[in-house]
Amino acid sequence: MDESAKEESPLNLLPLPLVTVFLDFDGVLHPLGAPTERLFERADVLELTLKELPNVEVVVSSTWAAYHSLAHIREFLEVWPTLYERVVGVTAQCRQLPSHYPEVPSRETQCRDWLIANKRSLLHWCAIDDERLNFLTHERVIYTNSKKGFTACDAHRLRELIHTLRLG
(Lines give C-alpha, C1' and ligand atoms only; values in the text may rest on other atoms or scores of the structure.)
Protein backbone atom coordinates (compact mmCIF):
# COMPACT_ATOMS: atom_id res chain seq x y z
CA MET A 1 0.00 0.00 0.00
CA ASP A 2 1.20 3.50 -0.84
CA GLU A 3 2.53 5.18 2.32
CA SER A 4 0.59 8.34 1.49
CA ALA A 5 -2.65 6.33 1.57
CA LYS A 6 -2.05 5.63 5.26
CA GLU A 7 -2.19 9.31 6.14
CA GLU A 8 -5.30 10.32 7.97
CA SER A 9 -7.60 13.20 7.34
CA PRO A 10 -7.22 15.88 10.02
CA LEU A 11 -10.97 16.53 9.82
CA ASN A 12 -12.21 13.18 11.04
CA LEU A 13 -9.14 10.96 11.54
CA LEU A 14 -10.36 8.58 8.85
CA PRO A 15 -8.20 7.59 5.88
CA LEU A 16 -8.48 9.98 2.95
CA PRO A 17 -10.76 8.72 0.18
CA LEU A 18 -8.95 7.61 -2.96
CA VAL A 19 -9.39 10.19 -5.72
CA THR A 20 -9.00 9.19 -9.37
CA VAL A 21 -7.61 11.88 -11.67
CA PHE A 22 -8.19 11.34 -15.38
CA LEU A 23 -5.30 12.88 -17.30
CA ASP A 24 -5.16 14.03 -20.89
CA PHE A 25 -1.70 14.50 -22.45
CA ASP A 26 -1.88 16.88 -25.43
CA GLY A 27 -2.61 20.39 -24.21
CA VAL A 28 -2.01 19.30 -20.60
CA LEU A 29 1.43 17.69 -20.15
CA HIS A 30 2.70 19.72 -23.09
CA PRO A 31 1.22 22.35 -25.43
CA LEU A 32 -1.14 21.03 -28.08
CA GLY A 33 0.86 20.19 -31.21
CA ALA A 34 4.19 20.33 -29.37
CA PRO A 35 7.24 19.07 -31.26
CA THR A 36 8.93 15.94 -29.92
CA GLU A 37 11.52 17.89 -27.93
CA ARG A 38 8.73 19.64 -25.95
CA LEU A 39 6.67 16.54 -25.11
CA PHE A 40 5.91 16.25 -21.38
CA GLU A 41 7.48 19.63 -20.58
CA ARG A 42 4.70 20.38 -18.06
CA ALA A 43 4.88 16.98 -16.33
CA ASP A 44 7.15 18.44 -13.65
CA VAL A 45 4.38 20.76 -12.44
CA LEU A 46 1.96 17.85 -12.13
CA GLU A 47 4.67 15.75 -10.46
CA LEU A 48 5.19 18.37 -7.73
CA THR A 49 1.44 18.71 -7.23
CA LEU A 50 0.92 14.96 -6.85
CA LYS A 51 3.65 14.84 -4.19
CA GLU A 52 1.39 17.08 -2.08
CA LEU A 53 -1.72 14.97 -2.65
CA PRO A 54 -1.84 11.64 -0.82
CA ASN A 55 -4.12 8.84 -1.98
CA VAL A 56 -4.55 10.08 -5.54
CA GLU A 57 -4.28 7.76 -8.54
CA VAL A 58 -3.96 8.79 -12.18
CA VAL A 59 -5.68 7.24 -15.17
CA VAL A 60 -4.64 8.35 -18.65
CA SER A 61 -7.66 9.54 -20.62
CA SER A 62 -5.89 10.62 -23.76
CA THR A 63 -5.89 9.52 -27.36
CA TRP A 64 -2.34 8.37 -26.58
CA ALA A 65 -4.00 5.34 -24.96
CA ALA A 66 -5.32 4.27 -28.36
CA TYR A 67 -1.76 3.98 -29.68
CA HIS A 68 0.30 2.96 -26.63
CA SER A 69 -0.09 0.28 -23.98
CA LEU A 70 -0.25 1.20 -20.30
CA ALA A 71 3.32 -0.10 -19.88
CA HIS A 72 4.56 2.09 -22.74
CA ILE A 73 2.72 5.15 -21.43
CA ARG A 74 4.27 4.60 -18.01
CA GLU A 75 7.72 4.37 -19.67
CA PHE A 76 7.21 7.89 -21.07
CA LEU A 77 6.70 9.07 -17.48
CA GLU A 78 9.62 7.31 -15.76
CA VAL A 79 11.49 10.61 -15.39
CA TRP A 80 8.77 11.78 -12.96
CA PRO A 81 8.64 9.00 -10.29
CA THR A 82 5.54 10.20 -8.45
CA LEU A 83 3.57 10.58 -11.67
CA TYR A 84 4.90 7.24 -12.93
CA GLU A 85 3.85 5.45 -9.71
CA ARG A 86 0.40 7.02 -9.64
CA VAL A 87 -0.57 5.99 -13.20
CA VAL A 88 -2.70 2.88 -12.70
CA GLY A 89 -4.65 2.63 -15.93
CA VAL A 90 -5.90 4.03 -19.22
CA THR A 91 -9.41 4.59 -20.44
CA ALA A 92 -10.75 2.65 -23.42
CA GLN A 93 -10.59 4.84 -26.51
CA CYS A 94 -12.75 2.98 -29.04
CA ARG A 95 -16.03 2.91 -27.14
CA GLN A 96 -19.28 3.99 -28.69
CA LEU A 97 -21.66 6.00 -26.58
CA PRO A 98 -24.22 3.84 -24.81
CA SER A 99 -27.81 4.71 -25.58
CA HIS A 100 -28.71 5.27 -21.90
CA TYR A 101 -26.66 8.51 -21.74
CA PRO A 102 -26.09 9.75 -25.29
CA GLU A 103 -25.78 13.37 -24.13
CA VAL A 104 -22.52 12.66 -22.26
CA PRO A 105 -19.35 13.28 -24.31
CA SER A 106 -17.22 10.23 -25.09
CA ARG A 107 -14.24 11.24 -22.89
CA GLU A 108 -16.47 11.55 -19.84
CA THR A 109 -18.17 8.27 -20.77
CA GLN A 110 -14.74 6.59 -20.92
CA CYS A 111 -13.92 7.93 -17.46
CA ARG A 112 -17.22 6.76 -15.97
CA ASP A 113 -16.79 3.35 -17.59
CA TRP A 114 -13.28 3.02 -16.10
CA LEU A 115 -14.54 3.94 -12.63
CA ILE A 116 -17.31 1.34 -12.79
CA ALA A 117 -15.11 -1.39 -14.28
CA ASN A 118 -12.43 -0.81 -11.63
CA LYS A 119 -14.86 -0.46 -8.71
CA ARG A 120 -13.91 3.13 -7.92
CA SER A 121 -16.09 5.80 -6.39
CA LEU A 122 -18.30 7.74 -8.76
CA LEU A 123 -18.01 10.63 -6.28
CA HIS A 124 -14.23 10.90 -5.99
CA TRP A 125 -12.95 11.62 -9.47
CA CYS A 126 -11.85 14.59 -11.52
CA ALA A 127 -10.09 15.23 -14.80
CA ILE A 128 -7.41 17.45 -16.28
CA ASP A 129 -8.12 18.22 -19.92
CA ASP A 130 -7.79 21.08 -22.40
CA GLU A 131 -11.05 20.50 -24.27
CA ARG A 132 -14.39 21.57 -22.75
CA LEU A 133 -16.34 19.46 -25.27
CA ASN A 134 -14.94 16.27 -23.70
CA PHE A 135 -17.01 16.66 -20.52
CA LEU A 136 -20.53 17.50 -19.46
CA THR A 137 -19.64 17.55 -15.75
CA HIS A 138 -17.48 20.71 -15.93
CA GLU A 139 -17.22 21.20 -12.17
CA ARG A 140 -15.01 18.08 -11.99
CA VAL A 141 -12.54 19.20 -14.65
CA ILE A 142 -9.46 21.40 -14.52
CA TYR A 143 -9.31 22.89 -18.01
CA THR A 144 -5.84 23.89 -19.12
CA ASN A 145 -4.86 26.41 -21.76
CA SER A 146 -3.90 24.11 -24.65
CA LYS A 147 -1.13 26.50 -25.73
CA LYS A 148 0.55 26.34 -22.31
CA GLY A 149 -0.40 23.04 -20.70
CA PHE A 150 -0.63 22.41 -16.94
CA THR A 151 0.49 25.50 -14.99
CA ALA A 152 1.00 26.43 -11.34
CA CYS A 153 -2.47 28.02 -11.41
CA ASP A 154 -3.95 24.74 -12.66
CA ALA A 155 -2.06 22.92 -9.89
CA HIS A 156 -3.65 25.19 -7.29
CA ARG A 157 -7.10 24.54 -8.77
CA LEU A 158 -6.44 20.78 -8.75
CA ARG A 159 -5.49 20.83 -5.06
CA GLU A 160 -8.67 22.77 -4.24
CA LEU A 161 -10.87 20.46 -6.33
CA ILE A 162 -9.49 17.32 -4.71
CA HIS A 163 -10.00 18.85 -1.27
CA THR A 164 -13.62 19.69 -2.19
CA LEU A 165 -14.26 16.18 -3.53
CA ARG A 166 -12.99 14.66 -0.29
CA LEU A 167 -15.29 16.83 1.79
CA GLY A 168 -18.22 15.46 -0.19
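Calculation criteria
Residues numbered from 1 in each chain as written. Predicted model: local features only at pLDDT ≥ 70, side-chain atom pairs only at ≥ 80, totals over all residues. Heavy atoms only, no water. Helix = DSSP H or I, 4+ residues; strand = E, 2+ residues; numbered from the N terminus. Contact = heavy atoms within 4.5 Å. Areas by Shrake-Rupley, 256 points an atom, 1.4 Å probe, with all protein chains shown as cover. Buried < 20%, exposed > 50% of the residue type's maximum accessible area, 1.4 Å probe, protein only. Phe/Tyr/Trp six-rings, centres within 6.5 Å; stacked < 30°, edge-to-face > 60°. Polar contact = N/O pair within 3.5 Å; in protein donor to acceptor, adjacent residues only side chain to side chain. Core = buried A, V, L, I, M, F, W, Y, C linked by side-chain atoms within 4.5 Å. Pairing = 2+ DSSP bridges. Axes fitted to C-alpha atoms, helices over the stretch in contact; angles between N-to-C directions. Disulfide = S-S within 2.5 Å.

J.: It is not clear to me how the overall build of the protein should be interpreted in this structure. Could you clarify?
T.: Of regular secondary structure, the protein possesses five helices and five strands. Shown N-terminal to C-terminal, the secondary structure of the protein runs as helices and strands in the order β-α-β-α-α-β-α-β-β-α. In the protein, 65% of the contacts between residues at least 6 apart in sequence involve partners at least 24 apart. Only carbon and sulfur atoms are counted for the fraction: they give 56% of the accessible area of the protein, which is about 8,900 Å².

J.: Even after reading the chapter, I still don't get helix α1 (residues 43-51), so can you show me in this structure?
T.: Among the residues of α1, those classed as buried are A43, V45, L46, E47, T49 and L50. Buried-residue contacts for α1 involve β1 (19-23), β2 (56-60), α3 (81-86), β4 (125-129) and α5 (152-167).

J.: In this structure, what is going on with the packing of aromatic side chains? I would like to understand it.
T.: Each pair of aromatic rings is reported with the distance of its centres and the angle of its planes. Going through the model one piece at a time under the given rule, you end up with nine aromatic pairs. With centroids separated by 6.0 Å and ring planes inclined at 75 degrees, the aromatic side chains of F22 and W125 adopt a geometry described as edge-to-face. Taken together, the residues F22 in strand β1 and W125 in strand β4 connect sequence positions 103 residues apart. A relative accessible area of 0% places F22 in the buried class. Consider the rings of W64 and F76, whose centres lie 5.4 Å apart with planes at 90 degrees: the pair is edge-to-face. In this pair, W64 sits in the loop between β2 and α2 (70-76) while F76 sits in helix α2, placing the two residues 12 residues apart along the sequence. We classify W64 as buried; its relative accessible area is 13%. Assessed through its relative accessible area of 25%, F76 is described here as partly exposed. One aromatic cluster is present, formed by F25, F40, W64, F76 and W80 through successive ring pairs.

J.: Would you explain the side chain of E47 in this entry?
T.: As for its placement among the helices and strands, E47 is situated in helix α1. Within the structure, the side chain of E47 is placed 2.9 Å from the backbone nitrogen of L83, a separation counted as a polar contact. Every residue in contact with E47, bar those within four places of it in the chain, is listed here: W80, P81, T82 and L83.

J.: Help me understand the nonpolar core, please; the structure alone is not making it clear to me.
T.: General note: in soluble globular proteins, nonpolar side chains tend to be found buried as a group. Ranked by internal contacts, the top residues of the largest apolar core, which has 31 residues, are L23, F25, L46, L77, L83, I128 and L158. In terms of residues, this core owes the most to one element, α5, which gives five residues. Residues within four places of L23 in sequence aside, it is in contact with V28, L29, L46, V58, V59, V60, S61, S62, L83 and I128. With 10 residues, the next largest nonpolar core counts V59, W114, W125 and F135 among its residues.

J.: Just to check I follow, could you spell out the sheet that holds β4 for this structure?
T.: Hydrogen bonds along the backbone pair up the strands of a sheet, which may run parallel or antiparallel. Spatially, β3-β2-β1-β4-β5 is the arrangement adopted by the five strands of the open sheet, whose pairing is parallel. Of all the strands in the sheet, the pair left with one neighbour each is β3 (87-90) and β5 (141-143). In this sheet, neighbouring strand axes are inclined to one another by 25 degrees on average, regardless of whether the strands run parallel or antiparallel. Bridging between β1 and β4 involves four bridges; their strand directions are parallel. Its bridge partner being in β4, T20 is matched across the sheet by W125. Contacts from helix α4 (residues 106-117) reach β1, β2, β3 and β4 within the one sheet, and its direction differs from that of β1 by about 145 degrees. Across the sheet, α5 touches β1, β2, β4 and β5, and the angle it forms with β5 is around 170 degrees.

J.: Just to check I follow, could you spell out the state of the cysteines for this structure?
T.: Cysteine pairs can be linked by a disulfide, which is a covalent bond between their two sulfur atoms. The tally for this structure, following the rule as stated, stands at zero disulfides. Here C111 is not disulfide-linked; the sulfur of C126 is the nearest cysteine sulfur, at 9.9 Å.

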